[in-house]
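The lines below spell out each chain.
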Amino acid sequence: MLIQVLQSALEPMVLLYMALGVAAGICIGALPGLTATMGVALLLPLTFGMDAESGILMLLGIYVGAIYGGSISAILLHTPGTPASAATAIDGYEFSKRGEAGRALGISTISSYIGGLVSVLCLWLISPQLAKLALKFSSAEFFLLAFFGLCIIANISGKDMEKGLICGLLGILVATIGIDSVTSYIRFSHNVNLLSGVPYIPVMIGLFAMSQGFESIETIYDKDEVNCKVTKILPHKEDWKVILRTAPITGLIGTFIGIIPGAGADIGSFVGYNTARSLSKTPEEFGKGSPEAVAASEGGNNGVTGGAMIPMLTLGVPGDAVAAIMIGALTIQGLTPGPMLFQNNKVLVYTIFFGMFIANTFMLLMGLSCIRLFTKVLSVPKTVLTPIIFVLCVIGSFAMRNNLFDVGVMLVSGIVGYLLSKIKVPTSPAILGLILGPMAEKNFRTALLKSGGSVNVFFNTPICWFFLILIFITLFGKHIKGFFLSFNKQKG
Amino acid sequence: MKKFLKRTIGIALSMTLVASLAACGTKASDANADAGSQEPAAVDFSKESVTAIVPYDAGGGTDTVMRALADAAKGSFKNITVENRSGAGGATGMLAGANAAADGKTITMTTVELTTLEAMGTNAGLTYSQFKPIMMVNSAASAITVKADDTRFNTLEDVLEYSKSNGFQMGNSGNGAIWHLAAAGLAKAADTQFTHVGYDGAAGAITDLLGGHIDGVAVSYAEVANYVASGDLKVLAVLSDNRLEAIPDVPTAKESGYDVVLGTWRGLAVPAATPQEVVDELYRIFSEAAQSEDFVTFMNNSNNVIEIMDGPSYEARMAKDLETYTALIEDLGLKVQ
């Protein structure tokens, strides 16, 4: 069987499709507004005419490439290309400001590769066992996961905790707009475009990219003194240490997030970022351009790619939105993802596993060889670059749903983001609130609906306790540590 | 003529713009190739570029069916582009389609939500009479499904009896969505009640059922077919007129004495003011495409049931469904004021 797998995965045409997929994915991911989900969905019809291996592996290439590609614009332009890189933008852009864009890109490329690799290994070796985990998750667990995610606000707000909390709550408040999913009550929406809520991708583009554009207008005629010469593509020794310490762990975390249906790469990178910060010896560096932060977030989001495939292939349950489209792609080929696939199409399943490994390798090679090219973006004069960013912002927010209303949402968020940054309020908490707020609300209410109103449902399962402890550590860990330290001092 | 030329060029240019903006895989770049070179013959589509609006995201069930159908029909048009305009549970896209020019060049994939949204009151002014239906393409009935190893439930009667005394947790694809209404319709006919648990889409409900967190789901057979084949889930009844071909042993609810036929459908429609001869031509093109070998294979592979219905019957179905759902939603107290 091994030979069969190698044969079908290493066939020149399959390799070509995969390389094309990864390249297309990187471009799609790097363009703000074009997400991995969209890229896979839009190129799905191309696979109708291909055989199953080529089709699926091309889509996987796009997926892997796009999740990585988002980090390029996040680092260079403070514009997460996809929501999955929102966490990368926080620290990555600090590198560019210091003239170390190449270093950040190197770290992100290698961490992405490691994160991807870890998830592929999990997929390869223990996917049937891991898949069962996906079924253990129900509303109560989802609520606690979202709640844990929201606690990250405390960590990414830096010194200005109050400002961060206000901003996060603002995000949650905006997320309540639209039809309430439990009772169908219409909240705060007098416009048909708001019935399904405020779309978070235009908000993200506005808050990050558009506001960045506004800011650069202020200094548009100033000569940039930032030196962006890339001297070395591969990270130097200290960075390697950081990467090897961080990325495998966050890759593993990403894999777990990927397995959970409904939580995608955006959540994976934030949770990875947060965990790395809790484990870090220098948590105060996070937010100021810490190599650890970039490695954590990129390892986390690429970890999701393999994780999301685990429940899809073994149970037929999509781990995230991209996996849901993949199910469609497999079905069109006459294959049914789920337990039967492992029995009837073993070769295909293992070809997919092996193909994902190759796709990650393509991503690494393309990423590393293009770092010099990517950083050229920074030597483009602001008078040229800023208008391009504006155009990309408009295109990206329009392309999501072909809806001009979304462009308006993006513009408003851009202005709000600009004003917020003037008063030094971090904007990432708003995005977190917007993504996780609805997830927390809906699952909280559904869990109570199922339990008949009893709050015990949040304390019933081991997974619930796992999250409760994590939440406790995130919120109070610092104080407990401080308490013990001072206690020891007194004793000593 | 000059005015017409200007308009066509305008449309063509904006279409290219839209197409390139969407950065989509479908190459629509030749849309402006020979703009305005000829008057459109009323019923000749071979030189026309047509847009098909899908009111849901790319990659979903409705989207893939429309794309497959467009692929099967592409020979009859100069160009057919599928455009996803999602939002507001489908209202955004369907409203856009209803308000498009009534020349047959903008076709909308209408779904059962065209009636349920109006019944709910979340339609934002959308109503089925804004459309002239071309044809129904496919339909799917609700299948009452439970875990295969759940010994409490072996027949539909077991479920209904259990729900009367213990409360039966029935998962659906979203509050007020079709599978919620289908389950509620069954409960109403059987004079009982379910605890309805809503998810974002059927997949979430099915996952929760597989994990044993709820008692059953009322989604379409296509959505649970994999798990029925693998022996994880079992279907107790289908809410259709006749038994499904794929599962001939499963009775309909009608056979058990509950007259409920509820489910989803998809079809094509154009704005109401579109001339009849244009609609007839589109019906000819798409009914042929829907019977083509490629499309039939695709539908079978994806567990979709093709049900072709002509325009007038499709419209009658819409009217009847709107009535059913309005009554159901009122009973459920879901109507949005």
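Our subject is the structure listed above.
From a predicted model like this one, the values you see are computed outputs, not experimental measurements. (Residues numbered from 1 in each chain as written. Chains lettered and ligands numbered in written order. Predicted model: local features only at pLDDT ≥ 70, side-chain atom pairs only at ≥ 80, totals over all residues. Heavy atoms only, no water.)

Enquirer: Explain the sheet that holds strand S3 (residues 106-111) of chain B to me, and be specific about the residues and the numbers.
Expert: Residue and element names in this part refer to chain B. The sheet built from six strands is open, its strands ordered S2-S1-S3-S10-S4-S11 with mixed pairing. Across the chains shown, the open sheet's two edge strands, defined by having one partner strand only, are strand S2 (79-84) and strand S11 (305-310). Strand-to-strand twist in this sheet, taken as the mean axis angle between neighbours without regard to direction, amounts to 20°. With four bridges connecting them, strand S4 (residues 131-141) and S11 associate as antiparallel partners. Across the sheet, Met-136 pairs through a bridge with Met-309, a residue of S11. Where helix H3 (residues 91-98) meets the sheet, it contacts strand S1 (49-54), S3, S4 and strand S10 (263-271), and its direction lies at approximately 140° from that of S3. Packed onto the sheet, helix H4 (residues 113-120) meets S3, S4 and S10 and runs at close to 65° relative to S3. (Pairing = 2+ DSSP bridges. Helix = DSSP H or I, 4+ residues; strand = E, 2+ residues; numbered from the N terminus. Axes fitted to C-alpha atoms, helices over the stretch in contact; angles between N-to-C directions. Contact = heavy atoms within 4.5 Å.)

Enquirer: Account for the nonpolar core, with residues named and values stated.
Expert: Among the nonpolar cores identified, the biggest contains 231 residues, and Tyr-63, Met-309 and Leu-313 of chain A together with Leu-186 and Phe-194 of chain B are the most heavily contacted of them. Ranked by residue count, the leading element in this core is helix H4 (residues 52-77) of chain A, at 17 residues. Shared between two domains, this core takes at least three residues from each, and those domains are domain 1 (45-138 + 264-330) and domain 2 (143-261) of chain B. Beyond its immediate sequence surroundings of up to four residues, Tyr-63 of chain A is in contact with Ala-36, Val-40, Val-304, Thr-305, Ala-308, Met-309, Asp-320, Val-322 and Met-326 of chain A. Counting 31 residues, the second-largest nonpolar core is a separate cluster that includes Phe-77, Val-137, Leu-268 and Val-278 of chain B. (Core = buried A, V, L, I, M, F, W, Y, C linked by side-chain atoms within 4.5 Å. Buried < 20%, exposed > 50% of the residue type's maximum accessible area, 1.4 Å probe, protein only. Domains from an automatic or database assignment.)

Enquirer: I'd like a description of the pairing of S1 of chain B, backed by residues and values.
Expert: Residues and elements named next belong to chain B. Burial runs high along S1: six of the six residues are buried. Summarising the sheet, S1 and S2 pair through six bridges and their orientation is parallel. Paired with Ala-52 across the bridge in S2 is Val-82. Where S1 lies against S3, three bridges are found, and the strand directions are parallel.

Enquirer: Pulling in residues and values, what's your account of the interface of chain A and chain B?
Expert: Taken together, the contact between chain A and chain B spans 45 residues of the former and 47 residues of the latter. Summing both partners gives a buried area of about 3600 Å² for chain A against chain B, and 64% of it is carried by carbon and sulfur. Of all residues in chain A, Leu-135, Asn-402 and Lys-450 of chain A bury the most surface against chain B, accounting for 16% of the area lost on that side. If you look at where chain A meets chain B, you find one salt bridge. Between chain A and chain B we count six residue pairs in polar contact (both at pLDDT 80 or more) in total. (Buried area = accessible area lost by both parts, 1.4 Å probe. Salt bridge = Lys/Arg side-chain N within 4 Å of Asp/Glu carboxyl O. Polar contact = N/O pair within 3.5 Å; in protein donor to acceptor, adjacent residues only side chain to side chain.)

Function cannot be read off these values alone, since they describe shape.
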